[in-house]
Amino acid sequence: MRTIIEPFRIKSVEPLRHTTPAERQGHLEAAGFNLFLIDARHILIDLLTDSGTSAMSTEQWAAVMRGDESYAGSESFFRLKRVADALTGFRHMVPTHQGRAAERILFTVMCKPGHLVPSNTHFDTTRANVEYSGARAVDLPIAEARDTQALLDFKGNMDVGGLEALIRAEGAAKIPLVMLTVTNNSGGGQPVSMANIEAVKAVCARHGIPLYLDACRFAENAWFIREREAGYADWTPKQIAQKMFRLADGCTFSAKKDAFANIGGLLCTNDDRVFLEQTNLLILTEGFPTYGGLAGRDLDAIAVGLEEVLDEDYLRYRIASTGYLGRHIADHGVPIVEPPGGHAIYIDAARMLPHIPAAQFPGQALAVELYRHAGIRSVEIGSLMFGEAARHELLRLAIPRRVYTQSHIDYVVEAILEVNGHKESIRGMEILEAPPFLRHFSARMRQL
Ligand SMILES: *Cc1c(COP(=O)(O)O)cnc(C)c1O
C-alpha cells in the first residue's frame, strides 16, 4: 500500500466553526489586519504555529492523571528523567516552563558582554536571550540556504568553514558555546545532517568550546537523517537521535514541539559547574529543580511524548504530510521555500506577489487574504516581523502535530490555489500604529 494514513484514530473531537467571508472581513478590520489579534474561535484552520498546539495521546492523558504534584522529588520528575537520560545521555537535566526559560538560564550562566554565540541560525527567542546576556548572536548558515529555491537535502547545516574562520578571527576565549538548531526553524525547518553535527563538534573540540543543541525538533531531524543521509537507513529514529545528543555537551529543548506537550522545556548539560549555577538560577526564577515551573502532570506528559515522537509510523506520516502540502501547492505554481521542511511550509510571498514591494508587506497581505478567503490563519515572516533585517518575505504555514487530517490539508491546498488564482487583486499593507519591539504581535494595519 502506498497511501500514508494518519497513524492514529480520533477519540475526542473539538468542533470547528465556519464563518462567512463577510464575517471574516469584519474580524480583520476589528483586529487592524493583524491575525494575532483575531480570537481563535473565529479561525477555521489554525496554522499560526506548531508550538504547544499538538494533540496529546491517550497515553499522555493517562500520564496526566498519574502526575505526582509533590513539591520536591516527585515521581513525575524521575519518570521524565529516566526517559530524558536514556535519550540524551547528558549528566544533568532540569525541567523549565518553556524552551526560552532554558535559554535564558543557559546564556545567563555561560555568556558575558563581548562574547559571541554562533549558530546555524538562532531562533528569535534564542537570539533575544543571547543578546539579553550582553553577548552577540551570530548566524552561520551554509551559503546555499539563502536561495529559497535551492534543493538541498540538509539545507539547515552550519557553515563549518565560517565557524572556523570566526573562531580564528575572534579567539576561542570569546566564544563560550556553539549552538546548532535542529531542525533549523528560522531557516525553513530544514534539517542538519549528522556529518555536519560531527564536523561542528570536531571544530568545537579542537578549540575547547562546548556544543549545545537547540533540540526542539530533534525527532523530525533524526527522521530526515534516516531518509537522506547515507548509512542511517537501518537505524531507528531513537538511535539516530541518541547519536545526535552524544555529539553535544548539552541542549535546550521546548517540549511544545517534539514532545507533543502543551507547555514545558528542558535544559541539559554535561558540565557540573554550569549545572550548579543553572540550578541556583532555576530556583530563583522557575522553581525547585525537580519541577522547574511545571506541574507534575506536565512532566509526565513530556516523558510519554518524548518516546512517542520517535515512533517510525508517526515520523513517516509527519514528514510526508508536511511535504504533501508543500508539493501540492508548489506543483501548481505557488513558490515555496524548497525543499519542504519538517514542521512548516513557507510560501515565498515576494515571488508570488511581485506587484507588492517589501515595504508594503507581501507576506502579511497574503496572510490576510488567506484568512479572508478561507478562514486559515498563518503568519508572516518578513519585513513586518523583522523590519529592515528581513532576508525574505515569507508566509509560514506551521502544521500542529496530530491535529489536522488530510482533508483539512486538502482544504488548505484548495484555498491557497484559489488565492493564487486571483493574486493580482491582492493589495499591499500599511502600518498605522506599532510598538518599537516585536511589532508583529500588536501592530495595526490597513489595506492600501
Ligand atoms: C519554539 C522554539 C524555541 C523556544 O521555545 P518556547 O517553548 O517557545 O519558549 C527555541 N528554539 C526553537 C528552534 C524553537 O522552535
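Residues numbered from 1 in each chain as written. Predicted model: local features only at pLDDT ≥ 70, side-chain atom pairs only at ≥ 80, totals over all residues. Heavy atoms only, no water.

Caption draft 1: Structural view of the sheet that holds strand S12 (residues 394–398). Strand order in this open sheet of three strands is S9-S12-S11, and the pairing throughout is antiparallel. One side of each edge strand has no neighbouring strand; the edge strands of this open sheet are strand S9 (344–348) and strand S11 (379–381). Strand-to-strand twist in this sheet, taken as the mean axis angle between neighbours without regard to direction, amounts to 35°. In this sheet, S12 lies alongside S11 in antiparallel orientation, the contact comprising three bridges. When the bridges of S12 are listed, Val379 appears paired with Arg396. (Pairing = 2+ DSSP bridges. Helix = DSSP H or I, 4+ residues; strand = E, 2+ residues; numbered from the N terminus. Axes fitted to C-alpha atoms, helices over the stretch in contact; angles between N-to-C directions.)

Caption draft 2: Looking closely at the environment of Pro357. Looking at where Pro357 falls in the secondary structure, it is placed in the loop between helix H13 (349–352) and helix H14 (362–374). Considering only alpha carbons, one finds Pro357 and Gly26, 331 residues apart in sequence, at a separation of 26 Å.

Caption draft 3: Quick peek at the domain arrangement of the chain. Here the chain is partitioned into domain 1 (21–50 + 311–447) and domain 2 (58–308). Computed over C-alpha atoms only, the centres of domain 1 and domain 2 are separated by 27 Å. At the interface, 24 residues of domain 1 touch 30 residues of domain 2. Here Glu308 ties to Arg402 by a salt bridge, and the two come within 3.0 Å at their closest N and O atoms. Linking domain 1 with domain 2 are 18 residue pairs in polar contact (both at pLDDT 80 or more). It is helix H12 (residues 312–330) that contributes the most residues to the side of domain 1 that touches domain 2, six residues altogether. For the side of domain 1 that touches domain 2, the residue count by class is eight nonpolar, four polar and 12 charged. (Domains from an automatic or database assignment. Contact = heavy atoms within 4.5 Å. Salt bridge = Lys/Arg side-chain N within 4 Å of Asp/Glu carboxyl O. Polar contact = N/O pair within 3.5 Å; in protein donor to acceptor, adjacent residues only side chain to side chain. Nonpolar A, V, L, I, M, F, W, Y, C, P; charged D, E, K, R; others polar.)

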